[in-house]
Amino acid sequence: MHDPEELPRPGAPEVAFAGRSNAGKSSAINALAGRRRLAFVSKTPGRTQLINFFALGDRAYLVDLPGYGYAGVPLEVRRHWQHLVGTYVSTRPSLAAVVVVMDCRHPLTSLDLTLLEWLRAAGRPAHVLLTKSDKLSRQASRATLDRVRSQLARLHPGASVQLFSSLKREGLEEAANRLASLVDDARKNKAPAKGE
Ligand code: GDP
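Rules of the game
- Residues numbered from 1 in each chain as written.
- Predicted model: local features only at pLDDT ≥ 70, side-chain atom pairs only at ≥ 80, totals over all residues.
- Heavy atoms only, no water.
- 1 Å grid on protein atoms, 1.4 Å probe; cavity = no way out; pocket = protein on both sides within 12 Å on 5 of 7 lines; lining within 4 Å.
- Points joined across faces, edges and corners; volume = space filled by probe spheres on them.
- Helix = DSSP H or I, 4+ residues; strand = E, 2+ residues; numbered from the N terminus.
- Nonpolar A, V, L, I, M, F, W, Y, C, P; charged D, E, K, R; others polar.
- Buried < 20%, exposed > 50% of the residue type's maximum accessible area, 1.4 Å probe, protein only.
- Pairing = 2+ DSSP bridges.
- Core = buried A, V, L, I, M, F, W, Y, C linked by side-chain atoms within 4.5 Å.
- Contact = heavy atoms within 4.5 Å.
- Near = heavy atom within 4 Å.
- Areas by Shrake-Rupley, 256 points an atom, 1.4 Å probe, with all protein chains shown as cover.
- Expected span 1.5 Å × (residues − 1).
- Arc of directions from axis to C-beta.
- Salt bridge = Lys/Arg side-chain N within 4 Å of Asp/Glu carboxyl O.
- Axes fitted to C-alpha atoms, helices over the stretch in contact; angles between N-to-C directions.
- Parallel < 35°, antiparallel > 145°, perpendicular 65-115°, else oblique.
- Left-handed = near helix turned anticlockwise from the far one by under 90°.
- Phe/Tyr/Trp six-rings, centres within 6.5 Å; stacked < 30°, edge-to-face > 60°.

Another aspect to go through is the layout of surface pockets. Any empty space left between the atoms is revealed when a probe the size of a water molecule rolls over them. In this structure, the largest pocket encloses a volume near 240 Å³. What lines the largest pocket is Ser133, Asp134, Leu136, Ser137, Arg138, Ser141, Arg142, Leu163, Lys168, Glu170, Gly171 and Glu174. Considering every element that reaches the lining of the largest pocket, the biggest residue donor is helix 4 (residues 138-155), with three residues. Taken together, the residues of the lining of the largest pocket break down into two nonpolar, four polar and six charged.

A few words on the pairing of strand 4 (residues 60-64). Taking burial as the measure, the five residues of strand 4 include four buried ones, the bulk of the element. Sheet analysis places strand 1 (residues 14-19) next to strand 4, joined by four bridges and oriented parallel. Pairing of Ala16 across the sheet is with Val63, part of strand 4.

As a further point, take the nonpolar core. Soluble globular proteins tend to bury their nonpolar side chains together. Of all hydrophobic cores here, the largest spans 31 residues; its most connected members are Leu65, Val89 and Val100. For this core, the elements supplying multiple residues, two or more each, are strand 1, strand 3 (50-56), helix 2 (75-91), strand 5 (95-103), helix 3 (110-122), strand 6 (126-131) and helix 4. In this view, Val100 contacts Ala18, Tyr68, Asp112, Leu115, Leu116, Leu119, His127, Val128 and Leu129; residues no more than four positions away in its chain are not counted.

Every one of the 14 residues lining the ligand counts as a neighbour, but Asn22, Lys25, Ser26, Ser27 and Asp134 are closest to it. Summarising the interface, the protein chains cover 68% of the accessible area of the ligand, which totals 580 Å² for the free molecule.

Counting along an α-helix, one turn takes 3.6 residues, and residues three or four places apart therefore face a common direction. When the terminal C-alpha atoms of helix 5 (residues 172-188) are compared, their 24 Å separation across 17 residues agrees well with the 24 Å that a helix rising 1.5 Å per residue should span. Taken residue by residue, helix 5 has Leu172, Ala175, Arg178, Leu179, Leu182, Val183 and Asp185 as its buried positions. Each buried residue of helix 5 sits inside an arc of 160° when the element is viewed along its axis, so together they form one side. Counted as exposed and oriented over 90 degrees from the buried face of helix 5: Glu173 and Lys188. Asn189 occupies a position one or two residues after helix 5 and carries a positive phi of about 55°.

The next subject is the pattern of salt bridges. Under the counting rule described, the total for this entry stands at seven salt bridges. Residues Arg59 and Asp184 are paired through a salt bridge, measuring 2.7 Å at the closest nitrogen-oxygen approach. Taken as a pair, Arg59 in the loop between strand 3 and strand 4 and Asp184 in helix 5 lie far apart in primary sequence, 125 residues in all. Looking at Asp184, the relative accessible area reads 29%, which means it is partly exposed. Overlapping salt bridges bring together Asp103, Arg105 and Lys132 as one network.

Before going further, it helps to spend a moment on the packing of helix 2 against helix 3. Helix 3 packs onto helix 2 with a crossing angle of 25° between their chain directions and a minimal axis gap of 10 Å. As judged from the angle between their axes, helix 2 and helix 3 are roughly parallel. By crossing handedness, the relation of helix 2 to helix 3 is classed as right-handed. Side by side, helix 2 and helix 3 meet where Arg78, Trp81, Gln82, Val85, Gly86, Val89 and Ser90 of the first sit next to Ser110, Leu111, Leu115, Trp118, Leu119 and Ala122 of the second. A breakdown of the residues in the contact of helix 2 with helix 3 according to their chemical character gives eight nonpolar, four polar and one charged.

Following the criterion strictly, the structure yields three aromatic pairs and no others. Judged by centre distance (5.8 Å) and plane angle (75°), the rings of Phe53 and Tyr61 are edge-to-face. What makes Phe53 buried here is its relative accessible area of 2%. Geometrically, the ring pair formed by Trp81 and Trp118 is stacked, given 5.5 Å between the ring centres and 25° between the ring planes. In this pair, Trp81 sits in helix 2 while Trp118 sits in helix 3, placing the two residues 37 residues apart along the sequence. Trp81 sits in the buried class, given a relative accessible area of 3%. Members of the aromatic cluster, joined through ring pairs, are Tyr68, Trp81 and Trp118.

By themselves, these figures tell us nothing about what the structure is for.
As structure tokens, then:
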């Protein structure tokens, strides 16, 4: 979606997933979304970046935003991502919330901070998945959760955060419940509950 007009017409609430490449976004989507990939795939001409829409239950969409590259990606590619994702999160009328996927061993990278700032500025609810929690001890993952939660209170008050492992299927129910309540909030068109 080089231009927002290339997206499907806004309809049911969308929960978009964004995150740094390799953070575990695709694995989390596979664990959480219905397997049914919807027909619509928005393709940016000349690029490999795609925005895929999945069914989330039968009354919402899960939107897979392109991953952001590593620190070393060329400036032009980074600018393109900023335009694409920045435009979508700032202007998409049917966007209910954004799930920010972070590897729990490397949370809050500079592009994560950029994204959270866009979300805060646009008044978009955010939920952070700290993925691959199986890679840390229980104590270390708990400490990461506490640290990220306290930083989020400053970066995006109201954002919620949890540990998640697609591999061990941990945190799936918590994430599914959070997604459902974000969709409900969007449907009721009221401010979401403050993140826990
Ligand atoms: P994406 O680039 O953000 O979509 O990341 P992927 O979902 O493709 O995952 C990147 C790599 O991390 C792959 O090798 C996955 O197998 C691995 N991975 C994803 N989720 C988990 C997880 O919960 N635990 C572990 N240990 N590895 C994971």
